[in-house]
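Inside the fold
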Amino acid sequence: LEIIEFRPLGGGNISRAFSVKTNLGNFFVKTNRISLLDMFDKEVKNLELLKKHIPENIPEILGFGTIEQMSFLVLKLVEAGKRRTTTPVAVQRPDY
């Protein structure tokens, strides 16, 4: 595995997030304290549930676990671009 680019991403306030570009693909990595591993376990379960209903909008889950004194979650990086134009009725925003 060759890391080509490793860059922090903003927007979160619970975990640290990174974009990691490698020779094998691009990944989204979240890290936190080892004591918060169950938070990533719950996030994986929720992503799996969402994927059953809107699979084209949910990133591929590559794994989660611990290393040294840190917990982590790795997803396939979703590049910015066109969003799905049709949203399931149950989650559509009302027109005002």
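1. Observations regarding the sheet that holds strand S1 (residues 3-9)
Across the sheet, which stays open at both edges, the five strands sit in the order S1-S2-S3-S5-S4 with antiparallel pairing between neighbours. Here the strands that pair on one side only, and so sit at the sheet edges, are S1 and strand S4 (61-67). When strand polarity is set aside, the average angle formed by the axes of neighbouring strands in this sheet is 20°. As paired strands, S4 and strand S5 (residues 70-76) are joined by six bridges and run antiparallel to one another. Across the sheet, the residue bridging to Ile 67 is Met 70, located in S5. On top of the sheet, helix H1 (residues 37-53) reaches strand S3 (25-33), S4 and S5; it is set at about 170° to S4, its chief contact.

2. Looking at the packing of aromatic side chains
Inspection of every chain in the model, using the stated rule, returns one aromatic pair. Plain terms: the ring middles of Phe 6 and Phe 18 are 4.9 Å apart, the flat faces sit at 25° to each other, and that makes the pair stacked. Of this pair, Phe 6 sits in strand S1 while Phe 18 sits in strand S2 (residues 16-22), placing them twelve residues apart in sequence.

3. Quick look at the nonpolar core
Within soluble globular proteins, side chains that are nonpolar generally end up buried alongside one another. By size, the foremost hydrophobic cluster in this structure holds seven residues: Phe 40, Val 44, Leu 47, Ile 54, Ile 58, Leu 73 and Leu 75. Those elements that provide at least two residues to this core are H1 and S5. Counting residues per element, this core draws most heavily on H1, at three residues. Look past the residues within four positions of Phe 40 in its chain and what remains in contact with it is Ser 15, Lys 30, Thr 31, Asn 32, Phe 64, Ser 71, Phe 72 and Leu 73. The next biggest cluster of nonpolar side chains, apart from the first, holds five residues, and it includes Phe 18, Val 20, Val 29 and Val 74.

Each value, and the rule that gives it
Residues numbered from 1 in each chain as written. Predicted model: local features only at pLDDT ≥ 70, side-chain atom pairs only at ≥ 80, totals over all residues. Heavy atoms only, no water. Pairing = 2+ DSSP bridges. Helix = DSSP H or I, 4+ residues; strand = E, 2+ residues; numbered from the N terminus. Axes fitted to C-alpha atoms, helices over the stretch in contact; angles between N-to-C directions. Contact = heavy atoms within 4.5 Å. Phe/Tyr/Trp six-rings, centres within 6.5 Å; stacked < 30°, edge-to-face > 60°. Core = buried A, V, L, I, M, F, W, Y, C linked by side-chain atoms within 4.5 Å. Buried < 20%, exposed > 50% of the residue type's maximum accessible area, 1.4 Å probe, protein only.

Shape is all these values report; function is a separate question.
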